[in-house]
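# Structural features, examined
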Amino acid sequence: KKSIYKKMSEYIDIIKKNNKNTKNIRNICIIAHVDHGKTTLTDYLISSNGIISSNLAGEVRFMDFREDEQEKGITMKSANITLLYEYEKENTEMEEKKFVINLIDSPGHVDFSSEVSTAARLTDGAVVIVDAVEGVRTQTKSVLYQAYKERIKPCLVINKLDKLFEKHQYPYDAYEQIRNILEQVNVLMANFYQKELIESDEHDDKMTVVDSESYFSPNKGNVIFASGYHGWGFRIQDFADMYAKKYGMANNVLNQALWGLYYYDPSKKTIKKKPSAKVTEPMFVTMILNNLYKVRSVIEEGDTKMLKKIVKAMDIAISEREIDYAMKNIFKGSLDEQQKVKNACINMVYSRWLSLSKAILETVVEHLPDPATAQRKRLPHLIPELQGIKKNEQEISSMFMNEDEEDENDEKDQKVKLNRKQRVEMRKIQRQIKKNLIQADTSSDANVMIFVSKMIRLEKNDHQSV
């Protein structure tokens, strides 16, 4: 017990320390259509901090804290948690490697859409989850639009790849499904942008292309491929790092070529933009999906020797003894029991090879903004009075009407009876609040703004019972 308390105390101290450094804070929400895997995926992120066991992740539904949520198996109320993530890559731009991730898990059912609105308003980035088999659904469109309206930067998780692999026998068919999902999501983002342009008075012929930040592309690193229930996931950068060492190619070249219509010719060791008689499938299929399917087929066939070779070649942290133990009962018992053993072995290899929590949290750190960066972009939109605001306080104050204009308005409006001193003081407070918000000021003397997300009307007699 003492060791647990000590660990929790250290955990809280690190959070307190990093809360003062807004560059190392990420405020995110997880949004998706109902049953696309938000809460299950969140379990694995929580398990990365040791709050729950990784063996329970996907089963415990930690963020569904209400009894009715556990009974019905759906999220009804948004729930939040603070996680820590230590960034492992060498990056000279990041002085501090420890990040605080403030995460909100929101409902996916249309009846609880107000919870999503609140989560989007309070965060700076979003993890959008889409089921790889079901694809884009009604509520997917709704939550994407909510994120777009709130000006929060999204990243995309294509979830339940394990089910996609079960559905499609051939890797290329799975690739086509993934590509279709990406196209659908990007079309939605373009439609949101075009709709806003049409409704805006500032329509311009130059403003015809959606902001590149709003597009999802695996090459950009804002798309994650995952199986939330089984705890594995990856970005194409993970495979680019792997193959850069193996083939002696530049990492950035592989990163671009691993998605899209690029083809690798192993005989000439070159990347081509057109298929040939020998190479007909793009590199995402030949160098990523084929390997994932190969692991499945080897385990399904019970080929322990080949599995050991694959694990060694891919440098996966699994011992031969573990493989022998996992594979020894693969053909024992009923067909259902055999399939359970096979699935457990497949997921053991995948999860040790491709860490889900690392893929998602690394993407959050690299591609979603810190509070100060996000506020500068979002606040002028959320609070129109801040439109065109600049950094220094002198320019901030210039947006307010001058004293003569105020005096004139005060004379017209008999209800305003504030004296000159009070008005000047109020303007100072307003400027300070806006400055604190834009800078995401965490100092002890900074002003705090409270967001009231929901109001309920009560009869006068009911007040005492609340």
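Preceding this section is the structure that the text describes.
Residues numbered from 1 in each chain as written. Predicted model: local features only at pLDDT ≥ 70, side-chain atom pairs only at ≥ 80, totals over all residues. Heavy atoms only, no water.

### Focus on the sheet that holds strand S5 (residues 153-159)
Sheet strands line up and pair through hydrogen bonds in the backbone, either parallel or antiparallel. If you trace the 7 strands from one edge of the open sheet to the other, you get S2-S3-S1-S4-S5-S6-S7, paired in mixed fashion. Of all the strands in the sheet, the pair left with one neighbour each is strand S2 (79-86) and strand S7 (232-234). Averaged over all adjacent pairs, the angle separating strand axes in this sheet is 25 degrees, with direction ignored. Bridge analysis of strand S6 (residues 223-227) against S7 gives 3 bridges, and the strand direction is antiparallel. Among the inter-strand pairings, Ser-227 is bridged to a residue of S7, identified as Trp-232. (Pairing = 2+ DSSP bridges. Helix = DSSP H or I, 4+ residues; strand = E, 2+ residues; numbered from the N terminus. Axes fitted to C-alpha atoms, helices over the stretch in contact; angles between N-to-C directions.)

### Some points on the nonpolar core
Counting 76 residues, the largest nonpolar core has Ile-158, Leu-161, Phe-234 and Phe-284 as the members making the most contacts within it. What Ile-158 contacts, discounting residues up to four positions off in sequence, is Val-130, Ala-132, Ile-178, Ile-181, Leu-182, Val-223, Ile-224, Phe-225 and Ala-226. Formed by 36 residues, the second largest nonpolar core is a distinct cluster that contains Ile-15, Leu-103, Ile-360 and Leu-368. (Core = buried A, V, L, I, M, F, W, Y, C linked by side-chain atoms within 4.5 Å. Buried < 20%, exposed > 50% of the residue type's maximum accessible area, 1.4 Å probe, protein only. Contact = heavy atoms within 4.5 Å.)

### Section: the pairing of S5
Most of S5 sits inside the fold, with 6 of its 7 residues counted as buried. Where strand S4 (residues 125-131) lies against S5, 7 bridges are found, and the strand directions are parallel. Looking at S5, one finds that Gly-125 is bridged to Lys-153. As a crossover connection, the stretch from S4 through helix H5 (residues 138-149) into S5 is right-handed. (Right-handed = clockwise from strand over helix to strand, strands pointing away.)

### Remarks on the pattern of salt bridges
Tallied over the entire structure, the rule returns 14 salt bridges. A salt bridge links Arg-137 to Glu-134, with the nearest nitrogen and oxygen atoms 3.0 Å apart. Classification of Arg-137 as partly exposed rests on a relative accessible area of 34%. With relative accessibility at 41%, the residue Glu-134 sits in the partly exposed group. Measuring nitrogen to oxygen at the nearest pair gives 3.4 Å for the salt bridge that ties Lys-272 to Asp-265. For Lys-272, a relative accessible area of 28% gives the class partly exposed. (Salt bridge = Lys/Arg side-chain N within 4 Å of Asp/Glu carboxyl O.)

### Overview of unusual backbone geometry
Notably, Arg-151 is not glycine yet its phi reads approximately 60 degrees, a positive angle. Examined against the element boundaries, Arg-151 turns out to sit in the loop between H5 and S5. Looking at Arg-151, the relative accessible area reads 22%, which means it is partly exposed. The residue Lys-160 is not glycine, and still its phi comes out positive at about 65 degrees. As for its position among the elements, Lys-160 is in the loop between S5 and helix H6 (161-167). The buried category is assigned to Lys-160, whose relative accessible area is 16%.

Geometric descriptors of this kind do not, in isolation, establish any biological role.
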